[in-house]
Amino acid sequence: MLKGFKDFLLRGNVVDLAVAVVIGAAFTAVVTAFTSAFLKPLIQLATGGGGQLAGTFTVNGVVFDYASFINAVITFLITAAVIYFLVVLPLKIVQERRKRGEEAGPAEPTDVELLAEIRDLLREQARGPRRDDGGTAGRIPHQDR
């Protein structure tokens, strides 16, 4: 049971996913810090001045902080755009190239596959029925050079 769990964890996809989550969280923290430090004050200046209640409005004593909401939307859009253009789009291009390569025709066999095929053919010929041909059954004829 533990071996299966270990195999699951050490599979490339799970490790890659864990790394992506950690990097994504760190990147989101950077974008959030940027938007909080630079964009939210600009939103507050543009919509209500530089006071403590800038970027908010009050209804019956309840404060609505729309600058924080706009800030969160901008954070999401920046994060989504970066992930799309730096991760999703390049992977999509790579997948399309691989797909086009597969449609071009079957892949050439590797040297190891060819050698294994030759070995199997030689074994087959060596085990084949013996004919009365002077002992040449199962041998590969020599080519003239």
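Structure's up top.
Now for a look at the structure at hand. This is a predicted model, so every value here is computed, not measured. (Residues numbered from 1 in each chain as written. Predicted model: local features only at pLDDT ≥ 70, side-chain atom pairs only at ≥ 80, totals over all residues. Heavy atoms only, no water.)

Considerations on the packing of aromatic side chains
The relative placement of two aromatic rings is captured by the distance of their centres and the angle of their planes. One pass over the structure, following the stated rule, counts two aromatic pairs. Between F34 and F38 the ring centres are 5.5 Å apart and the planes differ by 40°, which places this aromatic pair in the tilted class. Placement of both F34 and F38 in helix α2 (residues 12–48) is noted, with a separation of four residues, approximately one turn of the helix. Residue F34 is classed as partly exposed on the basis of its relative accessible area of 40%. Classification of F38 by relative accessible area gives exposed; the value is 52%. Here Y84 and F85 contribute two aromatic rings whose centre-to-centre distance is 5.0 Å and whose plane-to-plane angle is 80°, an arrangement assigned as edge-to-face. (Phe/Tyr/Trp six-rings, centres within 6.5 Å; stacked < 30°, edge-to-face > 60°. Helix = DSSP H or I, 4+ residues; strand = E, 2+ residues; numbered from the N terminus. Buried < 20%, exposed > 50% of the residue type's maximum accessible area, 1.4 Å probe, protein only.)

Side note on unusual backbone geometry
Look at N60: it is not a glycine, yet its phi comes out positive at around 50°. Residue placement: N60 occurs in the loop between β1 (56–59) and β2 (62–65).

Re the pairing of β2
When β1 meets β2, the two strands line up antiparallel, connected through four bridges. By the bridge assignment for β2, V59 is matched with V62. Connecting β1 to the antiparallel partner β2 that follows it, the hairpin turn spans two residues, and N60 within it adopts a positive phi of roughly 50°. (Pairing = 2+ DSSP bridges.)

What to know about the layout of surface pockets
Its volume calculated, the largest pocket comes out at about 160 Å³. Residue lining of the largest pocket: A20, I23, G24, F27, V82, I83, L86 and V87, and that is the complete set. Elements that contribute at least two residues to the lining of the largest pocket include exactly α2 and α3 (66–103). Its residues placed into classes, the lining of the largest pocket shows seven nonpolar, one polar and no charged. (1 Å grid on protein atoms, 1.4 Å probe; cavity = no way out; pocket = protein on both sides within 12 Å on 5 of 7 lines; lining within 4 Å. Points joined across faces, edges and corners; volume = space filled by probe spheres on them. Nonpolar A, V, L, I, M, F, W, Y, C, P; charged D, E, K, R; others polar.)

What about the pattern of salt bridges?
Summed over the entire model, instances satisfying the criterion amount to two salt bridges. For D65, the salt bridge identified is with K40, shortest N-O distance 3.6 Å. Within this pair, whereas D65 is found in strand β2, its partner K40 is found in helix α2, the two being separated by 25 residues in sequence. For K40, a relative accessible area of 19% translates into the label buried. Notably, a salt bridge pairs R119 with D120, separated by 3.1 Å at the nearest N-O pair. On the basis of relative accessibility, which here comes to 40%, the residue R119 falls in the partly exposed class. (Salt bridge = Lys/Arg side-chain N within 4 Å of Asp/Glu carboxyl O.)

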